[in-house]
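As a plain string of letters, each chain reads:
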Amino acid sequence: MTTSTSLRRSFAIQIRVIGALLMREVLTRYGRHNIGFLWLFVEPMMFTLGVTALWTAAKATHGSNIPIVAFALTGYSSVLLWRNMPSRTVGAITPNLALMYHRNVKVIDVFLSRLVLEAMGAGISFVVLGLVFTTIGWIKPPENILQVLFAWLMLAWFGSSIAILVGSLSERSEIVEKLWHPAMYLLFPLSGAAFMVDWLPPIAQEVVLLLPMVHGVELLREGYFGSTVHAHYDIAYMASICLVLTLFGFAQERYISRRVAPE
């Protein structure tokens, strides 16, 4: 009984710590002026709107009768979710070393506060744009909201797991930060944002399906468009990769925590 009470108390303390770090991050990043924390989701909304507008103006073709607005919304919103998470954890510890002198503040708390913030921003952007586009008649509502939500959570898990791993490794070597940014741009065209796997030749399908985020995007689009698309995904495979990345990430985070712990 005492152990259970102690665990609940520790969990409550860590939730408060993450909440405080979250508010600190919002104020540090967006400040109190202009629209302040609203930039949290306005920023990703502007990016998604820009891509959608360019595709629509260019009358880009994507190989099917899927509405271009809905195609861009589902693709680029998902990219913003998993891509921005590692970018926020790379080099996150050094500027926050002073916080580690507080007994209850850990490295993982700094990571989680930033990951929650990114997930909130991308999620709110996706929902708001979806509601606006549906209201004005540009797109139809998703056919399976629960499947869309599940796919979004899987993509968030992938982004979080790789963010913790890359963020921890970046504290061990500056090379990680140098390599991650070009790798991110190389992964972008292969992420499934601008294509459906079914449109590719069989050999290309096998290659892109090695990337976990592609499975998440395919699942999301199947939930959104339903029977109008033929999705290719293996959620067990994606979950296995995410689990491995999570375990390696926590192992590296534990190592970094020992190094930055105040004496």
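These figures come from a predicted structure and were not determined experimentally. (Residues numbered from 1 in each chain as written. Predicted model: local features only at pLDDT ≥ 70, side-chain atom pairs only at ≥ 80, totals over all residues. Heavy atoms only, no water.)

Undergrad: So what's going on with the overall build of the chain? Which residues, and what values?
TA: Scanning the chain from terminus to terminus reveals nine helices and zero strands. Looking at the chain as a whole, 47% of its 263 residues qualify as buried. Residue pairs at least 24 apart in sequence account for 76% of intrachain contacts in the chain once pairs closer than 6 positions are excluded. Total accessible area on the chain stands at roughly 14,100 Å², and carbon and sulfur atoms take up 67% of it. (Helix = DSSP H or I, 4+ residues; strand = E, 2+ residues; numbered from the N terminus. Buried < 20%, exposed > 50% of the residue type's maximum accessible area, 1.4 Å probe, protein only. Contact = heavy atoms within 4.5 Å. Areas by Shrake-Rupley, 256 points an atom, 1.4 Å probe, with all protein chains shown as cover.)

Undergrad: Help me get a handle on the packing of helix α4 (residues 107–135) against helix α9 (residues 235–260), residues and values and all.
TA: Between two packed helices, what matters for the description is the angle formed by their axes and the separation of those axes. Between α4 and α9, the shortest axis-to-axis distance is 9 Å and the interhelical angle comes to 125°. Comparing their axes, α9 and α4 come out oblique. For the pair α4 and α9, the contacting residues are V107, I108 and F111 in the first and F250, E253, I256, S257 and V260 in the second. (Axes fitted to C-alpha atoms, helices over the stretch in contact; angles between N-to-C directions. Parallel < 35°, antiparallel > 145°, perpendicular 65-115°, else oblique.)

Undergrad: I'd like to hear about the packing of aromatic side chains, residue by residue, with values.
TA: In this structure the tally under the stated criterion is six aromatic pairs. We note R172 situated over the ring of Y255; from NZ or CZ to the ring centre the distance is 4.1 Å. The side chain of R221 reaches across the aromatic face of F71, ending 3.9 Å from its centre. (Phe/Tyr/Trp six-rings, centres within 6.5 Å; stacked < 30°, edge-to-face > 60°. Lys NZ or Arg CZ within 6 Å of the ring centre and 35° of its normal.)

Undergrad: Tell me about the confidence of the model for the chain, and name the residues and values.
TA: When pLDDT is averaged across the chain, the result is 84; 87% of the residues are at 70 or more. The weakest mean pLDDT in the chain belongs to helix α2 (residues 39–57) at 68; the strongest belongs to helix α8 (residues 212–225) at 95. (pLDDT = per-residue confidence, 0-100.)

Undergrad: Account for a nonpolar patch on the surface, with residues named and values stated.
TA: On the surface, a nonpolar cluster with roughly 200 Å² of combined accessible area is contributed by V116, M120 and I124. Positionally, M120 belongs in helix α4. The partly exposed category is assigned to M120, whose relative accessible area is 35%. (Patch = residues over 30% accessible without salt bridge, like charges linked within 9 Å, V, L, I, M, F, W, Y side chains within 5 Å. Salt bridge = Lys/Arg side-chain N within 4 Å of Asp/Glu carboxyl O.)

Undergrad: An account of the nonpolar core is requested, with residue identities and associated values reported.
TA: Core analysis: the largest hydrophobic core is formed by 65 residues, its most contacted members being F158, M213 and Y224. The set of elements that each furnish at least two residues to this core consists of α1 (2–30), α3 (68–89), α4, α5 (145–172), α6 (174–187), α8 and α9. The element that contributes the greatest number of residues to this core is α5, accounting for 12 residues. Not counting chain neighbours up to four residues away, the residues in contact with M213 comprise W82, L155, F158, L187 and S191. (Core = buried A, V, L, I, M, F, W, Y, C linked by side-chain atoms within 4.5 Å.)

Undergrad: Describe α4, and please don't skip the residues or the numbers.
TA: With 29 residues, α4 extends 42 Å from end C-alpha to end C-alpha; this agrees with the ideal 42 Å at 1.5 Å per step. Downstream of α4 by a residue or two, G137 has a phi angle that is positive, lying close to 85°. (Expected span 1.5 Å × (residues − 1).)

Undergrad: Account for the packing of α3 against α4, with residues named and values stated.
TA: One way to put it is that α3 packs onto α4 with a least axis distance of 9 Å and a crossing angle of 170°. What the angle tells us is that α3 and α4 run roughly antiparallel. The segment α3 lies against α4, with V69, L73, T74, S77, L81, N84, M85, R88 and T89 engaging F111, R114, L115, E118, A119, A122, F126, L129, G130 and F133. Tallied by class, residues from the contact of α3 with α4 come to 11 nonpolar, five polar and three charged. (Nonpolar A, V, L, I, M, F, W, Y, C, P; charged D, E, K, R; others polar.)

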